[in-house]
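Here is what each chain is made of, one letter per residue.
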Amino acid sequence: MGSMSMRTKIDVEHVLSKLNLTEKIDLLSGIDFWHTAPVHRLGVPSIRLSDGPNGVRGTRTFLGVPAACLPCGTGTGLAATWDVDLIRQGGALQGHEAIAKGASVLLGPTTNMQRSPLGGRGFESFSEDPVLAGAMSAATVNGIQSTGVQATIKHYVANDQEDQRQAVDSIVTERALREIYLMPFMIAQRDAKPDCFMTAYNKVNGLHVSETPRLIQDVLRKEWGFDGMVMSDWFGTYSTSEAIKAGLDLEMPGPTYIRGSLVNQALTCGKLEEHDIDERAREVLKMVRKAQDLGLQENAPEETVDTPETAAQLRELAREGIVLLKNENDMLPFDKEKSIAVIGPNAADAAYCGGGSASLLPYYAVTPLKGLQAQAPHAKYALGAPGWKSLPLMTRMTKTKDGKDGLTMKVFLDPPSVKNRKPVDEVYIPISDVQLTDYKHPDVQTHVYWLELDGTFTPSETSEYEIGLAVSGTGKVYVNGECVVDNETNQRRGDSFAGTGTVEEIGVLKMDAGTTYDIHVTFGTCPTMTFTNPGSNDYESGGLTLGLERKIELPNEIERAVKLAKEVDQVVLCAGLNKYWESEGYDREHMDLPPGSDDLIKAVLAANPNTAIVIQSGTPITLPWLKEAPALVQAFYGGNEGGNAIADVVFGNTNPSGKLPLSFPLRNEDNPAFLNYKSERHRAVYGEDVYIGYRFYEKSKKEVAFPFGHGLSYTTFDTKDLDVQDDNDDDIVISATVSNTGKIDGSQVVQAYVSQRSPSLNRPKKELKGFTKVFVKSGSSERVKIVLSKKYAASFWDEARDAWTMEKDTYDVLVGNSSASTPLKGHFKVHKTSWWRGL
Ligand code: BGC
């Protein structure tokens, strides 16, 4: 029935006329986490949606099917390429991955803004600049939709922090909303027409977006002409009638908690009319109709497409986004033949992605160490300092009874106090980060059940070991029968499980090399917890994370690293963050590297100045050792191929051409959102107004560590002969000549900023309005062209008129290679003031 119904294309209006009221209402909510409701009687299949945005996660978090992971979430690592064509191809890759996972709708790209360096999902979004973010979003959507998969641009709008994300009211002026926060969505709608929009969790100016008619119906549908489906973020529908009236078509996930019979009630009492339901159901059916063109089977099995072509594409995406921030005396690239040490917390750990719903199980993930050793097998390694926030996963080091890497998990319907209880299920667990949200077994019919996990550990070094347990539930870890960690008796609230779980409780035990220890874990699901956090219900059965690592004494590790650094010609020091520091669910507390990293970097730089620092993070970090560091590379989170991409840049197989998609301030306190980046009594005031990122640093002449748009190359470029053609009212055509004056081929990004000379209100000193990336062979030149829409280049939002205003004035066109370096100057004119709305 399922596959049949997918094959026969529905006629939306006909189906709508035949649906009974219950069926119509059912269509307005999902049936589970990832599927819409079918109406098989009328040939309407169930459609699968999948996260998004840096690959396709599939339907399962519990033992999920692996996937290709693109750099960084759609986010900063991809935007750093400034390469629209490449990002479009990356979007198409995601589309093909979605098809392999049976998903017709992909939940990405993420198009929010980095107000602050600390945003938990900053890595997932593209840029602090709306034009760059808009261009990258549009390219991603175009790529995804070129495969027939429907893209879902999210989270509309002003979801720029994680702190109390469902309750927070983003208080933002209409001008900033239009010019900064709505603009990338508007550009994506203009240039790519996403099939779906996902509303944000938060309020904007007093009302949750998912029930704001002005944002969904007036701005999105009427002003911008959006003709697709609007869905809520997961558990982000907060009302029945208001949300339906406001234009929110689909409540996700299901089963419904706020529609269903409540919609009937609303119809009975007249808060809703049947035509309100029809309008919403029509959009869901249109989505279904479009999905049918893909021809995916209903409830299709999930497959992988881990091919050499995918690997090559991921490697290119990752290396094109790597930014060479500093390179004194051309210290980089390094010589593969010379002796080399790879040091640091991120060296042997693959920080391939940030955390949260963007995170997925990659086909594989190449660590920087593996990538560098693939090209320089003699490279030696030292940890130097731990970079983990919670201990690395235990399953790296444990074995099951039958000798597999990992643990065995048994599922019980009774608590441990029940004697002779029998397991109903036994599962192999390769990764000790166990999310039970979608664990299914026919005998397990409630969210209350118990687990036992078992394995053995045979240390290769005699040492004290730390064992960690974080739970959304309750649990204990026993080693050889002795309880080493108790996360049951006195539970403490923590960040785990998107802020619904506990802190990681750690126990310490001395263990001897060569001896085999039995590890036994007991666990009760989320409802057994001794406290509830807001949102815990969404996690239903909860989960547990088990860590294990040799107890690290920082001074000893640094000493080992320094000793190694002194023995070699070259050092690559890999530091940064990972998906535990940067994640959905919470914002970072500060901008610093994890404890110990800065001390390590300083010590290694002092021991061997021939050290290149490679940072992996999605957003800026403080760089207290910057003056001493001759070379600094920003590598973001590189997806599956991150380690190889880093090696390509370090050894010069790739000439770096990435540019920062966001400013790196010296300190978090310098950031314009510093005073207002938090939910205070459920509100966050966007006090910096339109002065986000470089718009503030340029205006206030604040020194930054590295400006927006900055990025070096192993060659040198000279950009000259700027010409600005201003011969009509629609477009401005900017051209310039880029010469590669160095010895190797490379790519350069030409950035065009606009500055109004005498605006009638305060405006940023310059705003990016266009850019292009060009490959130039050594010794040659290329003429580049950037076409700007005049109204987008010149206008600001005029609150008094409630419209965009293009003022009669002269506008400078400032061209260069970062927000702080725009040496070429031209101009265009607007001859008559006018106002506009729409796209
Ligand atoms: C995230 C969305 C995501 C959804 C489904 C939410 O927590 O905010 O971006 O698509 O979960 O996983």
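Residues numbered from 1 in each chain as written. Predicted model: local features only at pLDDT ≥ 70, side-chain atom pairs only at ≥ 80, totals over all residues. Heavy atoms only, no water.

Peer 1: Where do I start with the environment of K510 in this structure?
Peer 2: Inspection of the secondary structure assignment puts K510 in strand β20 (residues 505–511). Distance in space between the C-alpha atoms of K510 and K602 is 31 Å, their sequence separation being 92 residues. Once you skip the residues sitting within four places of it in the chain, K510 turns out to touch T462, S463, E464 and Y517. Reaching out from K510, the side chain makes a polar contact with the side chain of D512 at a distance of 3.3 Å. (Helix = DSSP H or I, 4+ residues; strand = E, 2+ residues; numbered from the N terminus. Contact = heavy atoms within 4.5 Å. Polar contact = N/O pair within 3.5 Å; in protein donor to acceptor, adjacent residues only side chain to side chain.)

Peer 1: Teacher, can you tell me more about helix α8 (residues 183–191) here?
Peer 2: Since the α-helix turns once every 3.6 residues, residues separated by three or four places project in the same direction. With respect to burial, α8 is a largely interior element, seven of its nine residues being buried. When α8 is considered as a whole, its buried residues turn out to be M183, P184, F185, M186, I187, A188 and Q189. Just downstream of α8, K193 is the residue with a positive phi angle, here 45°. (Buried < 20%, exposed > 50% of the residue type's maximum accessible area, 1.4 Å probe, protein only.)

Peer 1: I keep staring at the side chain of D425 and nothing clicks. Help me out?
Peer 2: The topology assignment puts D425 in strand β14 (residues 425–429). In this structure the side chain of D425 is engaged in a polar contact, spanning 2.5 Å, whose partner is the side chain of Y439.

Peer 1: Which parts of the structure should I look at to understand the site of the ligand?
Peer 2: Around the ligand, a shell composed of 14 residues is seen, among which D51, R121, H155, D233 and E584 lie nearest. K154 is positioned such that a nitrogen or oxygen atom in its side chain is 2.9 Å from an oxygen atom of the ligand. Burial of the ligand by the protein amounts to 94% of the accessible area it has alone, namely 310 Å². Here the residues of the shell around the ligand are counted per class, giving five nonpolar, two polar and seven charged. (Near = heavy atom within 4 Å. Areas by Shrake-Rupley, 256 points an atom, 1.4 Å probe, with all protein chains shown as cover. Nonpolar A, V, L, I, M, F, W, Y, C, P; charged D, E, K, R; others polar.)

Peer 1: Explanation requested: the pattern of salt bridges in the structure shown.
Peer 2: Enumeration over the complete set of coordinates arrives at 52 salt bridges. We note a salt bridge from K678 to D163, for which the minimum N-O separation is 3.5 Å. Note that K678 is positioned in the loop between β26 (664–665) and β27 (683–685) and D163 in the loop between β3 (150–156) and β4 (169–171), a separation of 515 residues in sequence. A salt bridge links K290 to D195; its shortest N-O distance comes to 2.6 Å. Highlighted residues: K290 in helix α12 (residues 274–294) and D195 in the loop between α8 and β5 (196–199), separated in sequence by 95 residues. Owing to a relative accessible area of 39%, K290 belongs among the partly exposed residues under this scheme. Because the salt bridges share partners, they merge into one network encompassing E174, R178, R214, E223, D802 and R837. (Salt bridge = Lys/Arg side-chain N within 4 Å of Asp/Glu carboxyl O.)

Peer 1: Mind showing me how you'd approach the layout of surface pockets here?
Peer 2: Empty space among the atoms can be located by rolling a probe the size of a water molecule over them. Reported here for the second largest pocket is a volume of approximately 700 Å³. F33, T437, D438, K440 and E540 are the residues nearest the centre of the second largest pocket, which is lined by 30 residues in total. Residues of the lining of the second largest pocket, tallied by class, amount to eleven nonpolar, eleven polar and eight charged. (1 Å grid on protein atoms, 1.4 Å probe; cavity = no way out; pocket = protein on both sides within 12 Å on 5 of 7 lines; lining within 4 Å. Points joined across faces, edges and corners; volume = space filled by probe spheres on them.)

Peer 1: Sorry, what's going on with the domain arrangement of the protein chain here?
Peer 2: Where interface size is given, it is often the accessible area lost as the parts come together that is meant. In terms of domain boundaries, the protein chain breaks down into domain 1 (12–294), domain 2 (311–387 + 554–706), domain 3 (390–550) and domain 4 (717–836). Averaged C-alpha coordinates put domain 2 and domain 4 at centres separated by 31 Å. On the domain 4 side, the residues contacting the ten residues of domain 2 number 18 residues. Together, the buried faces of domain 2 and domain 4 total about 1,200 Å²; carbon and sulfur atoms form 46% of this surface. Taken as a group, K659, Y694 and E698 account for 44% of the area that domain 2 buries against domain 4, more than any other trio of residues on that side. Taken together, domain 2 and domain 4 are joined by three salt bridges. Linking domain 2 with domain 4 are ten residue pairs in polar contact (both at pLDDT 80 or more), by the criterion used here. Examining the composition of the side of domain 2 that touches domain 4, we find that four residues originate from one element, helix α19 (residues 694–699), more than from any other. Residue composition of the side of domain 2 that touches domain 4, by class: three nonpolar, two polar and five charged. (Domains from an automatic or database assignment. Buried area = accessible area lost by both parts, 1.4 Å probe.)

Peer 1: Please explain the sheet that holds strand β1 (residues 49–51) as it appears in this structure.
Peer 2: In a beta sheet, neighbouring strands are held together by backbone hydrogen bonds and run either parallel or antiparallel to one another. The five strands are arranged β1-β2-β3-β5-β8 in an open sheet whose pairing can be described as parallel. Looking along the sheet, the strands with just one partner apiece sit at the ends: β1 and β8 (229–231). Neighbouring strand axes in the sheet, compared pairwise and without regard to direction, differ in orientation by 25° on average. Here β5 pairs with β8 via three bridges, running parallel. Paired with M198 across the strands is M231, a residue of β8. (Pairing = 2+ DSSP bridges. Axes fitted to C-alpha atoms, helices over the stretch in contact; angles between N-to-C directions.)

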